[in-house]
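Topology and contacts: notes
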Amino acid sequence: MKDMNQDFLNNARLAAIVTSADDAILSKTLNGGITSWNPGAERMFGYSAEEMIGQPILRLIPPERQAEEGEILRRLRAGERIEHYETVRQKKDGTLFDVSLTISPMRDQSGDIIGASKIIRDITDRKRIDHVSAHLAAIVTAADDAILSKTLNGVITSWNPGAERMFGYRAEEMIGQPILRLIPSERQAEEGEILTRLRAGKRIQHYETVRQKKDGTLFDVSLTISPMRNEAGQIIGASKIVRDVSERKQTELSLKESQQRLREFAQDLERLVESRTSELVQSQQQLRALAAQLNLSEQKARQRLAGELHDYLGQMLALNRIKIGIAKKHPMEAALAHLLEELQATTDKALAYTRSLVAQLSPPVLQEFGLAMALPWLAQQMLERDLVVSLQVKTPIPPIPEDQALLLFQSIRELLLNCIKHAQVPQAVVVLECKEEALYVTVADQGLGFEPSVMLSAKQTTQTVNKFGLFSIRERMLSLGGRFELQSSPGNGTVATLVFPITTTLIEMPASAEALVSKENGTRKVNGAKTRSTPDGKILLLVVDDHAMVRQGLCSVLDAYEDIHVIGEASNGKEAIELASRLRPDVILMDVTMPDIDGIEVTKRIKSDHPHVLIIGMSVHSAQQVESAMSNAGASAFIHKEAAVDKLHQTILAVRQSAAKVK
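The rules behind each value
- Residues numbered from 1 in each chain as written.
- Predicted model: local features only at pLDDT ≥ 70, side-chain atom pairs only at ≥ 80, totals over all residues.
- Heavy atoms only, no water.
- Helix = DSSP H or I, 4+ residues; strand = E, 2+ residues; numbered from the N terminus.
- Buried < 20%, exposed > 50% of the residue type's maximum accessible area, 1.4 Å probe, protein only.
- Contact = heavy atoms within 4.5 Å.
- Areas by Shrake-Rupley, 256 points an atom, 1.4 Å probe, with all protein chains shown as cover.
- Core = buried A, V, L, I, M, F, W, Y, C linked by side-chain atoms within 4.5 Å.
- Axes fitted to C-alpha atoms, helices over the stretch in contact; angles between N-to-C directions.
- Parallel < 35°, antiparallel > 145°, perpendicular 65-115°, else oblique.
- Left-handed = near helix turned anticlockwise from the far one by under 90°.
- Pairing = 2+ DSSP bridges.
- Patch = residues over 30% accessible without salt bridge, like charges linked within 9 Å, V, L, I, M, F, W, Y side chains within 5 Å.
- Salt bridge = Lys/Arg side-chain N within 4 Å of Asp/Glu carboxyl O.
- Phe/Tyr/Trp six-rings, centres within 6.5 Å; stacked < 30°, edge-to-face > 60°.
- Lys NZ or Arg CZ within 6 Å of the ring centre and 35° of its normal.
- pLDDT = per-residue confidence, 0-100.
- Nonpolar A, V, L, I, M, F, W, Y, C, P; charged D, E, K, R; others polar.

Let us look at the overall build of the chain. Across its full length, the chain carries 22 helices and 20 strands. Buried positions account for 43% of the 663 residues belonging to the chain. Long-range pairs, those at least 24 residues apart, make up 59% of the contacts in the chain between residues at least 6 apart in sequence. By element, 52% of the accessible surface of the chain is carried by carbon and sulfur atoms, the whole surface being about 35,600 Å².

On to the nonpolar core. Of all hydrophobic cores here, the largest spans 70 residues; its most connected members are Leu416, Phe484, Leu498, Ile588, Met590 and Ile606. Setting aside chain neighbours within four positions, we find isoleucine 606 in contact with Ala576, Ile577, Ala580, Ile588, Met590, Pro611, Val613 and Ile615. In terms of nonpolar packing, the next biggest core, distinct from the first, is built from 24 residues, Ile72, Leu73, Leu76 and Ile120 among them.

Turning next to the packing of helix H12 (residues 371-383) against helix H13 (residues 402-423). Contact pair H12 / H13: the axes reach a minimum separation of 11 Å and the direction vectors enclose 20 degrees. One way to sum up the angle between H12 and H13 is to call them roughly parallel. You can see that H12 and H13 cross each other, and the crossing is right-handed. Contact with H12, carried on its side by Leu371, Ala374, Leu375, Trp377, Leu378 and Met382, involves Ala405, Leu408, Phe409, Ile412, Arg413, Leu416, Leu417 and Ile420 of H13 and no other residues of that element.

Take helix H16 (residues 470-479) next. Along H16, the residues that are buried comprise Leu470, Ile473, Glu475, Arg476 and Met477. In the segment just after H16, glycine 481 is the residue with positive phi, at about 85 degrees.

Another point: the sheet that holds strand E6 (residues 146-151). A sheet is described by the order of its strands in space; here 5 strands give the open sequence E7-E6-E10-E9-E8, paired in antiparallel fashion. Taken across any chain shown, the strands that pair with only one partner, and hence form the sheet edges, are strand E7 (156-159) and strand E8 (204-212). Across this sheet, the average inter-strand angle for adjacent strands is 30 degrees, counted without regard to direction. Looking at chain direction, strand E9 (residues 218-229) and strand E10 (residues 235-244) are connected through 9 bridges and run antiparallel.

Let us look at unusual backbone geometry. A positive phi is found at glutamate 436, a non-glycine position, where the angle reads about 55 degrees. Considering the arrangement of structural elements, one finds glutamate 436 in the loop between strand E12 (427-435) and strand E13 (438-445). The phi dihedral of glutamate 437 is positive, around 60 degrees, even though this residue is not glycine. If you trace the backbone, glutamate 437 turns up in the loop between E12 and E13.

Right, let's talk about the sheet that holds strand E17 (residues 564-570) for a bit. One open sheet accounts for 5 strands, arranged E17-E16-E18-E19-E20; its pairing is parallel. Across the chains shown, the open sheet's two edge strands, defined by having one partner strand only, are E17 and strand E20 (637-640). In this sheet, adjacent strand axes meet at a mean angle of 25 degrees when their direction is disregarded. By the bridge criterion, 4 bridges tie strand E19 (residues 614-619) to E20 in an arrangement that is parallel. The residue bridging isoleucine 616 from the neighbouring strand is alanine 637, located in E20.

A surface patch of nonpolar side chains, amounting to about 470 Å² of accessible area, comprises Leu262, Phe265, Leu269, Leu272 and Val273. Take valine 273: it is sitting in helix H9 (residues 246-328).

Let's shift gears to the packing of aromatic side chains. The geometry of an aromatic ring pair is captured by two quantities: the separation of the ring centres and the angle between the planes. One pass over the structure, following the stated rule, counts 5 aromatic pairs. With 5.7 Å between their ring centres and 45 degrees between their planes, tryptophan 159 and phenylalanine 167 make a pair best called tilted. Judged on exposure class, the residue tryptophan 159 and its partner phenylalanine 167 are both buried. Relative to phenylalanine 409, the ring of tryptophan 377 has its centre 6.5 Å away and its plane inclined at 35 degrees; by these criteria the two rings are tilted. With tryptophan 377 in helix H12 and phenylalanine 409 in helix H13, this pair connects stretches of sequence that are 32 residues apart. In this structure tryptophan 377 comes out as buried when scored by relative accessible area, which is 9%. In this structure phenylalanine 409 comes out as buried when scored by relative accessible area, which is 2%. Aromatic ring contacts, followed pair by pair, group Trp37, Phe45 and Phe97 into a single cluster. Seen from the ring of phenylalanine 219, lysine 213 lies directly overhead, with NZ or CZ sitting 5.0 Å from the centre. Sitting over the face of the ring of tyrosine 440, lysine 435 holds its NZ or CZ atom 4.7 Å from the ring centroid.

Attention now goes to the pairing of E13. Along E13, 8 of the 8 residues are buried, which leaves the element largely enclosed by surrounding structure. Here 7 bridges tie E12 to E13, and the two strands are oriented antiparallel to one another. Paired with lysine 435 across the two strands is alanine 438, which belongs to E13. Connecting the antiparallel pair E12 and E13 is a turn made up of 2 residues, with glutamate 436 showing a positive phi of about 55 degrees.

For the chain, the mean per-residue pLDDT works out to 81, and 80% of the residues sit at or above 70. Of all helices and strands in the chain, the one with the weakest mean pLDDT is helix H17 (residues 513-516) (35), whereas strand E2 (residues 34-37) scores best (96). Scored below 50 in pLDDT, residues 504-533 shows 68 contacts in the model against residues more than four places distant or in partner chains.

Another aspect to go through is the packing of helix H19 (residues 573-583) against helix H20 (residues 599-609). For any two helices packed against each other, the geometry comes down to the angle between their axes and how far apart the axes lie. Interhelical geometry of H19 versus H20 gives an angle of 15 degrees and a closest axis separation of 10 Å. When the axes of H19 and H20 are compared, the pair comes out roughly parallel. The element H19 and its partner H20 pack so that their crossing is right-handed. Counting all contacts with H19, which are made through Gly573, Ala576, Ile577 and Ala580, the residues of H20 involved are Val602, Arg605 and Ile606. Counted by class, the contact of H19 with H20 contains 5 nonpolar, 1 polar and 1 charged residues.

Our focus in this paragraph is the pattern of salt bridges. Inspection of every chain in the model, using the stated rule, returns 28 salt bridges. The salt bridge partner of arginine 248 is glutamate 252, with a shortest N-O separation of 3.0 Å. Of this pair, arginine 248 and glutamate 252 both sit in helix H9, 4 residues apart, which is roughly one turn of that helix. Its relative accessible area of 37% is what places glutamate 252 among the partly exposed residues. The shortest N-O distance in the salt bridge between arginine 551 and glutamate 569 comes to 3.2 Å. Residue arginine 551 is located in helix H18 (residues 548-559), and its partner glutamate 569 is located in strand E17; the two are separated by 18 residues in the primary sequence. Owing to a relative accessible area of 12%, arginine 551 belongs among the buried residues under this scheme. Through salt bridges with shared partners, one network takes in Arg170, Glu172, Glu173 and Lys214.

Put into structure tokens, the structure is as follows:
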């Protein structure tokens, strides 16, 4: 009875083990029919016991492996036990997984084999680990780097083929040897520091140092060292990857040397470029100065030619006009009178052409009265070309040296001509303003516009040749120490700004174009003016003109009038001032253009000293600005020389009457 109880207890214990096991434990007949199925089998395969008991074991075997079962049953019938048979089985959902089988024959009481018990263990994770381990082992084996491991005492425990190739030692020579064998004597202190850091659980990455080969050769390496832990997490050693960086170090050294040579070359090149640039800049400045000088020489030549035309041809034509007028006052035959009319008309045309030619070559108003008066004159000239110029002088304009004024005037005129030819507009605005120690002259239009980068290029194209040479204006301004600013785009007009540095002191000048250009032309009334005449009632008159023949012609005209007495002639401004004080004339006929002091300044001085003297301005010029300037200086009237015969006497009487009214 006791034995029976013991058997019962043993069987119960075994049943409990089978029930609680994680492995699948089952039994089958020698025909492969399943006779038992534990909970572990249910969890592993997904089938319940009711689903599997009585079913063939082939249900768990993939089709391609079912031949294995026949071999297993054959071995079982022969009484053979099969241990750790690794294969693949299939779950209820069709998933295949790796298993390890242990199969034992089952015998009855007489010892006959009646079936088999089978323990199935899922080894999927182990297989995966084995695969990874094999893969890692293959990597370690095939690596070019030296991969080794060591204890915390620095004893080598593994040595891959890469280490053999790198250091020259075989694995048998190094496993069990101290790592110090690979470290040069002067660097062996490094190992103690490395082991200290490893024991603290620190990983060492890309530690660059020097190691020694079997033949004693020293070479540069990069170390990556990681702590190795056991299953309990305790650090038991270290894995080390050693990479030969000698080639990289040599490359870095070569690169560093190359960079140094490159820096030296760059410095030499920079010095050379700086030298060449300085030479080019100097050459450019010299060329720019030469171009400006050539331009200025051209303007000077134009000025000289214009002066000769004005001083000789213009004055001669004006004198001829006066003499023709004198001749017409005498009785003559109709044919002669007709001839004189034709001669007068021809002379008038020649005078007009001469004035136009002089203005194109070099406007006398610029030479004699400066840029401030020349610009209003230029604005009036543009009206003849159907361009209305709005001139705005926002601040007083400083005196500008004649040479520089010529170049500035030329640039402004060419910009206005560009408005006519290329911007195709009827209006333009010119603004003058002094700021930041510079004169800013802006010429703006609302015309077609263009691309500035193309137009400022020195390279000539069909477009730039046909357009105005803005490049030459820029060079001209640079030669003056200024600059040329240009804002434009197709369809949006153009704003061109000339910036000219000012180095002189400002003088008092009108601050607006209206002050410069008076639109009213009349006599100037002088309060308290006194008139004086000879005992016979004649008006005492002083003629001032630098051309002797013109003076003679004017005197011839005046001699025809009994109420006029010419008491003196002056050929320049200084003589005019001296004779005005000594002779005390009633009226002075004052030429505007004279070589020493112009008629405007002479008028100011005489009117300041002798307010009662009446002055009539006279010139070959037809510029409104000249008339306005004479009026502002104190002149009572202004006439053109060629109109002297017809208007001189009438004008003298008119200013006398006007002066008499204010007594």
